[in-house]
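Fold and contact review
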Amino acid sequence: MVVLSVSCAASVEEEEERDDSEVEAVSVKKSELRGGVQVSATVSRSGALVRSSATVGGIGPTRLAAGRYDVVLSGIPAAGASPGSRGMAQVVAMGRDATRCELNGDWSIVGSNITVHVACISATGALADSDFNVSYGRAPTLGRAAYTMISALGVPQTPSTFAAGPVTAEVHATGLYFVFLPSSLSRPLSLQVTAMTPSRRCSIDATEFIWQTIVWVRCRDRFGVDSPSSFVLNVAKSDSIPLAGVGGYTRVNPDGSTFDTANSCAGDTSVFSRVVGSGKYFVRQGRLPPFGSFATVVADRSDRYCKLTSLPLSTSPGPAQVNEVACFTSSGTPADSGFALSVGSQAFASCL
């Protein structure tokens, strides 16, 4: 086992006070990037903005009630009515308990404001406050990334579907969806999935790379029963996870071994070590900046849910960043699981 020496294990509460200057410094660097938009934020359980990054516009979260939040992205330039024009949102819970966060339906677009609706649910099914990461992207014309919103009936929604080729989907069984993507999106590949129904959770069930890329997504209710749900799916190569900046991704097996790992920074050797304790992992990714980064994680077992436990940490030896991941059963019991982790830097950041 590789032992990681971790420093700067900042909590979300500490970052609320420390990162105001960072948020301001990032937000003044505005660019439409050939029509693309990249926004990410960490929000505390109280609804405060902890840290953020944006290629254009501002970010304003609000806690509406227990476990319910709106995150308003302001000043986002209009994108017309072309395929993919509504962009794509993802959310993942942060913390050491079994609370999970999902999208609370579709995001709203009024003028230049986009509102992402978030709901966080405890293991008992009750709405519960939680820290979370939220990201929103709208891609320019690139062939190394794709996103889609799939309805509960298995139909891709054109305004939120973007790819350099056709995207189709089908319902293979109750709660199990096959999403067919262009063959140019071959492995290794970043995978991000979020349910759009708070009473559901969706995970990666399998992936196939034959004559085209097929992602199996399985959705279940809180009791672990296969159930229909709409969801959003992002895939990307390592140079396309963040629209501006650097990024990396990996798949991690339940025993902590890895596969399908890539990083847009050169000369990186990623090291991963499983932490003592059921369902808890440290994932180290070399040369990615630990501060101002955003991450998403999704279980690749349909009977598990995985989340981040804290903001990214820095490590020694480095330079590198570490994300701590915790996985749980449907009932909220910590349990080992495979998962896919994707990390992107703040806008315009570079490799360490």
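Residues numbered from 1 in each chain as written. Predicted model: local features only at pLDDT ≥ 70, side-chain atom pairs only at ≥ 80, totals over all residues. Heavy atoms only, no water.

1. A few points about the sheet that holds strand 19 (residues 258-263)
What counts is decided by this rule: For two strands to count as paired, DSSP must find a minimum of two bridges between them. Numbering goes from the N terminus for both helices and strands, where a helix is a DSSP run of H or I of at least four residues and a strand is a run of E of at least two. Each axis is a line fitted through C-alpha atoms, taken for helices only over the stretch in contact, and angles between the N-to-C directions span 0 to 180 degrees.
Strand order in the open sheet formed by four strands is 19-18-26-22, with antiparallel pairing between adjacent strands. In the strand order of this sheet, the two ends are held by strand 19 and strand 22 (294-299), each with one partner. Between one strand axis and the next, the sheet turns by 5° as a mean value, whatever way the strands run. The pairing of strand 18 (residues 247-252) with strand 26 (residues 339-344) spans six bridges and is classified as antiparallel.

2. Focus: the pattern of salt bridges
Convention followed: Salt-bridge detection follows one rule: a side-chain nitrogen of Lys or Arg within 4 Å of a carboxyl oxygen of Asp or Glu. Burial status follows relative accessibility: with a 1.4 Å probe on protein chains alone, a residue under 20% of its type maximum counts as buried, one over 50% as exposed, and anything between as partly exposed.
For the structure shown, the criterion picks out 13 salt bridges. Of the charged contacts in the structure, one is a salt bridge between aspartate 131 and arginine 45, with a shortest N-O distance of 4.0 Å. Of the two residues, aspartate 131 is situated in strand 10 (residues 131-138) and arginine 45 in the loop between strand 2 (37-43) and strand 3 (49-54); the sequence distance between them amounts to 86 residues. A salt bridge links arginine 251 to aspartate 300; the shortest N-O distance between them is 3.5 Å. Here aspartate 300 lies in the loop between strand 22 and strand 23 (304-308) and arginine 251 lies in strand 18, a separation of 49 residues in the sequence. Looking at arginine 251, the relative accessible area reads 6%, which means it is buried. Put simply, Asp205, Arg218, Arg220 and Asp226 are held in one network by salt bridges that share partners.

3. Describing the sheet that holds strand 17 (residues 231-236)
Spatially, 11-17-14 is the arrangement adopted by the three strands of the open sheet, whose pairing is antiparallel. Two strands in the sheet have a free side with no partner beyond their single neighbour: strand 11 (145-150) and strand 14 (190-195). Sheet twist, expressed as the average angle between the axes of neighbouring strands with direction ignored, equals 10°. Strand direction decides the pairing type here: strand 11 and strand 17, joined by six bridges, are antiparallel. Counterpart to alanine 145 in the pairing with strand 17 is alanine 236.

4. Some points on the confidence of the model for the protein chain
The criterion, for reference: Confidence per residue, as judged by the predictor, is encoded in pLDDT with a range of 0 to 100. Contacts were defined at the residue level, with two residues in contact if any of their heavy atoms lie within 4.5 Å.
Taken as a whole, the protein chain shows an average pLDDT of 82; of its residues, 82% reach a score of 70 or greater. Across residues 1-11 the pLDDT falls below 50, and counting only partners more than four positions away or on other chains, this stretch makes 27 contacts in the model. Predicted confidence for residues 13-34 stays below pLDDT 50, and this span has 42 contacts to residues more than four positions away or in other chains.

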